[in-house]
Amino acid sequence: MTTNPLILFLRLSRPWYLLGGVLFYLLGVGMARYLGTELEWGVVLHGQLWVSAMQLCVHYLNEYFDHAQDAGHASRTPFSGGSGALGQGKDQLRPQVALVAAGTTLALLAAATNGLARAGVLSTPALIIMALIFFGSFFYSVPPLRLAVSGYGELTASIVLAALVPALGFVLQSGGMHRLLALSTFPLVALTLASMLSLEFADYAQDVRTQKRTLFVRIGWEQGLRLHHAMVMAGYALMAGALAAGLPAAIALPPLVSLPLAALQVWQLQRIAGGHKPNWLAVTFNGLSFTFLAAYLLAQAFWTR
């Protein structure tokens, strides 16, 4: 039985990844609300459309440029290894579909930008942040830079998602920056980088076989695991530092609830390094869970106070 093209397109799109953009964007909006800004809901919606359209565009481009290297992935999960929806097979979409989808999302991005411009919220800080998000995201997969295989893509993506997206949500509402952004998002950048390294560990064998030069491949899996563990420790150390630097305890403490999941992830990866058979679905799911739980609890603290 031939797979329905709509099902294939849904598999290609992996819409669950959009939840990360929603969470981090609303984190920034919640900070603005916490500081007393009266929210403009039309701006909130146009900003979220901008972020989600950018995410989808990058995802489709990443699928297009990576589909050949991700073909035949032996340990693909819903969170790693590409969607597997593109190719020349009977139950696959032609790669050009991803390019058309990326072009459509760019049109949505332009429409959202126009909506923000009409609302009068495109201040200089907002435009700078949007430009950084666009170029950091677009060239993550697209030549000639193709940051995903440069050794810098993981850090760039972590900064874009965990720092610049919340900053955009904040600036579109408040018009300016605030030290609260740095105190809140720097720990999340470190945890997001750790999550990306978890996903790359699951893809490591395939990436080595196809010579896909991700950061994990460039430094080797042993150093990759050490970097993962260092980023986990750095993330929670920065949370403690934010508390010491003046972030209210009611805001700073809830994200620490995610620490047991992070410890579990370190334990899982060390077991795999010691020769235990991996459960890549558990590894990739938990690798994302502790970061997004920390971000969710932080956002909830801002929204409920």
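This is a predicted model, so every value here is computed, not measured.

Criteria and thresholds
- Residues numbered from 1 in each chain as written.
- Predicted model: local features only at pLDDT ≥ 70, side-chain atom pairs only at ≥ 80, totals over all residues.
- Heavy atoms only, no water.
- Axes fitted to C-alpha atoms, helices over the stretch in contact; angles between N-to-C directions.
- Helix = DSSP H or I, 4+ residues; strand = E, 2+ residues; numbered from the N terminus.
- Parallel < 35°, antiparallel > 145°, perpendicular 65-115°, else oblique.
- Contact = heavy atoms within 4.5 Å.
- Nonpolar A, V, L, I, M, F, W, Y, C, P; charged D, E, K, R; others polar.
- Phe/Tyr/Trp six-rings, centres within 6.5 Å; stacked < 30°, edge-to-face > 60°.
- Buried < 20%, exposed > 50% of the residue type's maximum accessible area, 1.4 Å probe, protein only.
- Salt bridge = Lys/Arg side-chain N within 4 Å of Asp/Glu carboxyl O.
- Expected span 1.5 Å × (residues − 1).

Q: I would appreciate a short explanation of the packing of helix α10 (residues 221-244) against helix α12 (residues 259-273) in the present structure.
A: Two quantities define a packed helix pair, namely the angle between the axes and the distance from one axis to the other. Packing of α10 against α12 brings their axes to within 11 Å, and their N-to-C directions diverge by 170 degrees. Taken together, α10 and α12 sit at an angle that is classed as roughly antiparallel. Facing Trp-221, Leu-225, His-228, His-229, Val-232 and Tyr-236 of α10, the residues of α12 in contact are Leu-259, Ala-262, Gln-265, Val-266, Leu-269, Gln-270 and Ala-273. Split by residue class, the contact of α10 with α12 holds nine nonpolar, four polar and no charged.

Q: Would you mind showing me how to read the packing of aromatic side chains here?
A: The description of an aromatic ring pair uses the distance of the two centres, along with the angle that the planes make with each other. Tallied over the entire structure, the rule returns 13 aromatic pairs. Between Phe-134 and Phe-138 the ring centres are 5.5 Å apart and the planes differ by 10 degrees, which places this aromatic pair in the stacked class. Highlighted residues: Phe-134 and Phe-138, both in helix α5 (residues 124-141), separated by four residues, approximately one helical turn. With centroids separated by 5.3 Å and ring planes inclined at 90 degrees, the aromatic side chains of Phe-138 and Phe-139 adopt a geometry described as edge-to-face. Since its relative accessible area comes to 19%, Phe-138 is described here as buried. Put simply, the rings of Phe-134, Phe-135, Phe-138 and Phe-139 touch in pairs and so form one group of aromatic residues.

Q: Sorry if this is basic, but what is going on with the environment of Leu-225 here?
A: Locating Leu-225 in the fold gives a position in helix α10. Judged by relative accessible area, which is 3%, Leu-225 ranks as buried. Sequence-wise, Leu-225 and Gln-270 are 45 residues apart; in three dimensions their C-alpha atoms are separated by 8.0 Å.

Q: What is the right way to look at the pattern of salt bridges in this model?
A: Oppositely charged side chains may form a pair once their charged atoms are brought near each other. Under the defined criterion, the tally for this structure stands at three salt bridges. Residue Asp-66 pairs with Lys-212 through a salt bridge whose shortest N-O separation is 2.9 Å. With a gap of 146 residues between them, Asp-66 in helix α3 (residues 41-70) and Lys-212 in the loop between α8 (204-209) and α9 (215-219) connect regions that are remote in the sequence. Accessibility expressed as a relative area gives 9% for Lys-212, which makes it buried. Its salt-bridge partner being Lys-212, residue Asp-70 comes within 3.7 Å of it at the nearest N-O pair. One end of the pair, Asp-70, is in helix α3; the other, Lys-212, is in the loop between α8 and α9, and 142 residues separate them in sequence. Taken as a pair, Asp-70 and Lys-212 share a single burial class, namely buried. Within the structure, one salt-bridge network assembled from shared partners comprises Asp-66, Asp-70, Arg-146 and Lys-212.

Q: Where do I start with α10 in this structure?
A: Note on helix geometry: an α-helix contains 3.6 residues per turn, so any two residues three or four positions apart are oriented the same way. With 24 residues, α10 extends 34 Å from end C-alpha to end C-alpha; this agrees with the ideal 34 Å at 1.5 Å per step. Considered for burial, the residues of α10 that qualify are Gly-224, Leu-225, His-228, His-229, Met-231, Val-232, Gly-235, Tyr-236, Met-239 and Ala-242. Lining the buried residues of α10 we find α7 (179-202), α9, α12 and α13 (280-303). Looking one or two residues beyond α10, the residue adopting positive phi is Gly-246, at roughly 120 degrees.

Such coordinate-based values are descriptive only and should not be taken to indicate function.
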